[in-house]
Amino acid sequence: MSNDRRSAAIRRIHAIDSDCPGHFIGGKAVNGAGQVFDVWEPATGAPLGKAADATEGELNAAVKAAKDAFPDWASVSGDKRRAVLHRIADLIVERADEIAAVECVDSGQCWRFMSKAAIRGAENFRFFADRAPGARDGQALPTSGMMNVTTRLPIGPVGVITPWNTPFMLSTWKIAPALAAGCTVVHKPAEWSPYSARLLVEIAHEAGLPAGVFNSVNGLGETTGKRLTEHPDIKAVAFVGESRTGSAIMKQGADTLKRVHFELGGKNPVVVFEDADLDRALDAVVFMIYSLNGQRCTSSSRLLVQESIREAFVAKLAERVARLKVGDPLDPETEVGPLIHQRHLDKVASYMEIARADGANVAVGGERIAGEGYFFKPTLFTDAAQAMRIAQEEIFGPVLTVISFNDEADAIAKANDVEYGLAGYVWTRDLGRALRVSQALEAGMVWVNSENVRHLPTPFGGVKASGIGRDGGDWSFDFYMETKNIALAHDDHAIQKLGV
């Protein structure tokens, strides 16, 4: 079955612009005229295809298409936008297996997760579709002499730049609310995994989205990405990726005072107290770092475990990590697939020597898997200290660092002693402790006695070096829309007379 899925995915990938994806601009596929770069298959290490870096003219054409389409799309009623977005969701569901297979081949993510990620992408479109009719709703704020009425209006053409981990679902997460709000979009997917993103723009137009409302350009960050973030007609940029790139985008958009929304890196703690349900905590610890090949912004890559239970908990953890099934991402039994690219594999592998040099113990894994592809053994670092690089830096792979703590204050101090602040996870049966620690953690999101369970109406985002702004619910519309106040005067309010 996995071979059949792979063959079908390869055929679909090769059918995109004759094996070299260009762009999708103004409702049409455009063969790219820019520099061609290779795209590699993570599971084999072999060339999967090629993609074209957008030329300056192609990027300008995509922005112009979005700008030209904006007035009409912004004036479309919320009910009509809802209908189109629901149709997009319907088509995603119809093609969910195709999307998932392309995603597995393109990004190396496992079928067991990607088969659900495509459906989650449809849910993103449905959620924001249903909110489109009320996107402009505001408030009535009366005073003694005025009736103030607020409303929201779409900000204009926006740039969306998405990463290479779960690229299809993360693209829907950003693009669905932009379209629901009445914005038009220029999307640049990651150069290491461009194919599933192309499926999304094709589906959107098949569903009846007007030409120019949603455009997609391939390219490198330092060329196409930079031109997009600097373009004066792009009013806002939504970006998911690493923190250094977010900083660069802020600088690039500064001259045009561009609004930005960043979901950036994380070094997220999972804090396990001695009174926790340790069996459930163990399940969550393993899932939240080794799922999605460890390439997950919300992964709990630091385990802070209370000293009184450390030895027994880590022993069970090591057994579980050693039994993880690594292999073909299209095999439904596979739990950990390959890393995305040779360059990223080299980065993850470099931390093994860093860990040993700093005095940590590589308890499980710690090496590449011989043979084809970019596979790395699920790794567990123990005997780590807070100051070690493996405790401070985002490795973004199937690598977990264990640090012990003594009491609640020690746990909070160690959890917060990093530059990141995306997510945190707390395991305890003590309700008071759960509330105290959750409030004290420097993170945009905290889950108590749970893994990352995303509820779409809730805010999603980080603090410190982990991001700016929030996704989800009305928070997404706050980013993609401008709030306007209209003051309606009573006839009898007093006006000062000057020069009488």
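Thresholds, definitions, all that
Residues numbered from 1 in each chain as written. Predicted model: local features only at pLDDT ≥ 70, side-chain atom pairs only at ≥ 80, totals over all residues. Heavy atoms only, no water. 1 Å grid on protein atoms, 1.4 Å probe; cavity = no way out; pocket = protein on both sides within 12 Å on 5 of 7 lines; lining within 4 Å. Points joined across faces, edges and corners; volume = space filled by probe spheres on them. Helix = DSSP H or I, 4+ residues; strand = E, 2+ residues; numbered from the N terminus. Nonpolar A, V, L, I, M, F, W, Y, C, P; charged D, E, K, R; others polar. Axes fitted to C-alpha atoms, helices over the stretch in contact; angles between N-to-C directions. Parallel < 35°, antiparallel > 145°, perpendicular 65-115°, else oblique. Contact = heavy atoms within 4.5 Å. Core = buried A, V, L, I, M, F, W, Y, C linked by side-chain atoms within 4.5 Å. Buried < 20%, exposed > 50% of the residue type's maximum accessible area, 1.4 Å probe, protein only. Pairing = 2+ DSSP bridges. Salt bridge = Lys/Arg side-chain N within 4 Å of Asp/Glu carboxyl O.

Undergrad: Help me understand empty space enclosed by the protein in this model?
TA: One water molecule sets the probe size; rolling that probe over the atoms shows where empty space is left. On inspection of all chains with the given rule, the structure shows three cavities of 30 Å³ or more. Considering only enclosed or pocket space, the largest cavity measures out at about 80 Å³ in volume. In terms of lining, the largest cavity is formed by 15 residues, of which the most central are P269, A415, Y420, A423 and E442. The set of elements that each furnish at least two residues to the lining of the largest cavity consists of α14 (408-416) and β17 (420-421). Here the residues of the lining of the largest cavity sort into eight nonpolar, three polar and four charged. Reported here for the second largest cavity is a volume of approximately 40 Å³.

Undergrad: Where do I start with the packing of helix α1 (residues 2-15) against helix α4 (residues 96-107) in this structure?
TA: Axes are the key here: two packed helices are described by the angle between their axes and the distance separating the axes. Two elements in contact, α1 and α4, have axes separated by 9 Å at closest approach and are oriented at 90°. Compared by their axis directions, α1 and α4 come out roughly perpendicular. Two secondary-structure elements touch here, α1 through R5, R6, A9, I10, R12 and I13 and α4 through E98, A101, V102 and V105. Of the residues in the contact of α1 with α4, the class split is six nonpolar, no polar and four charged.

Undergrad: Quick question: what am I supposed to make of the nonpolar core here?
TA: As a rule of thumb, nonpolar side chains are buried together in soluble globular proteins. Counting 105 residues, the largest nonpolar core has V272, L303 and L317 as its most contacted members. Apart from the residues within four sequence positions on either side, V272 is in contact with L278, A281, V285, L303, L304, V305, Q306, I309, F313, F405 and W427. One finds V271, L304, L345 and L441 within the second-largest nonpolar core, a separate group that totals 30 residues.

Undergrad: When you look at the packing of helix α3 (residues 78-94) against helix α5 (residues 111-131) in this model, what are you seeing that I'm missing?
TA: Contact geometry of α3 with α5 gives a least axis separation of 8 Å together with a crossing angle of 170°. As summarised for this structure, α3 and α5 are arranged roughly antiparallel, according to the angle between their axes. On α5, the residues that touch R82, L85, H86, I88, A89, D90, I92 and V93 of α3 are A118, I119, G121, A122, F125, R126, A129 and D130. Of the residues assigned to the contact of α3 with α5, the class counts are ten nonpolar, two polar and four charged.

Undergrad: Is there a simple way to think about the layout of surface pockets in this case?
TA: Its volume calculated, the largest pocket comes out at about 1,200 Å³. The wall of the largest pocket is formed by 43 residues, among which W164, W192, G241, E242 and T245 lie closest to the centre. For the lining of the largest pocket, the secondary-structure elements that each account for two or more residues are β3 (36-40), α8 (221-230), β10 (236-240), α9 (243-254) and α12 (342-358). Of the residues assigned to the lining of the largest pocket, the class counts are 18 nonpolar, twelve polar and 13 charged. Estimated volume of the second largest pocket: approximately 640 Å³. Around the second largest pocket sit 25 residues that line it, and A117, R120, M169, L292 and R296 are the ones nearest its centre.

Undergrad: Mind showing me how you'd approach the pairing of strand β16 (residues 399-405) here?
TA: Along a regular strand, successive side chains alternate from one face of the sheet to the other. Of all seven residues in β16, six are buried; the element is thus mostly enclosed. In this sheet, β16 lies alongside strand β13 (residues 302-306) in parallel orientation, the contact comprising five bridges. Pairing of L303 across the sheet is with V402, part of β16. Looking at chain direction, strand β15 (residues 379-382) and β16 are connected through three bridges and run parallel. Note that in β16 the partner of F381 across the bridge is T401.

Undergrad: In this structure, what is going on with the environment of F262? I would like to understand it.
TA: With respect to the helices and strands, the residue F262 is situated in strand β11 (residues 259-263). What makes F262 buried here is its relative accessible area of 1%. Separated by 22 residues in the primary sequence, F262 and V240 place their C-alpha atoms 5.9 Å from one another. Filtering out sequence-adjacent residues up to four positions away, F262 remains in contact with F239, G246, I249, M250, S466, G467 and I468.

Undergrad: Is there a simple way to explain the pattern of salt bridges in this structure?
TA: Oppositely charged side chains can form a pair if their charged atoms are brought close together. For the structure shown, the criterion picks out 32 salt bridges. Notably, a salt bridge pairs K64 with D68, separated by 2.7 Å at the nearest N-O pair. On the criterion of helical spacing, the pair formed by K64 and D68 is a turn pair, its members being four residues apart in helix α2 (residues 56-75). One continuous salt-bridge network, built from bridges that share partners, spans R12, R95, E98, R198, E202 and E206.

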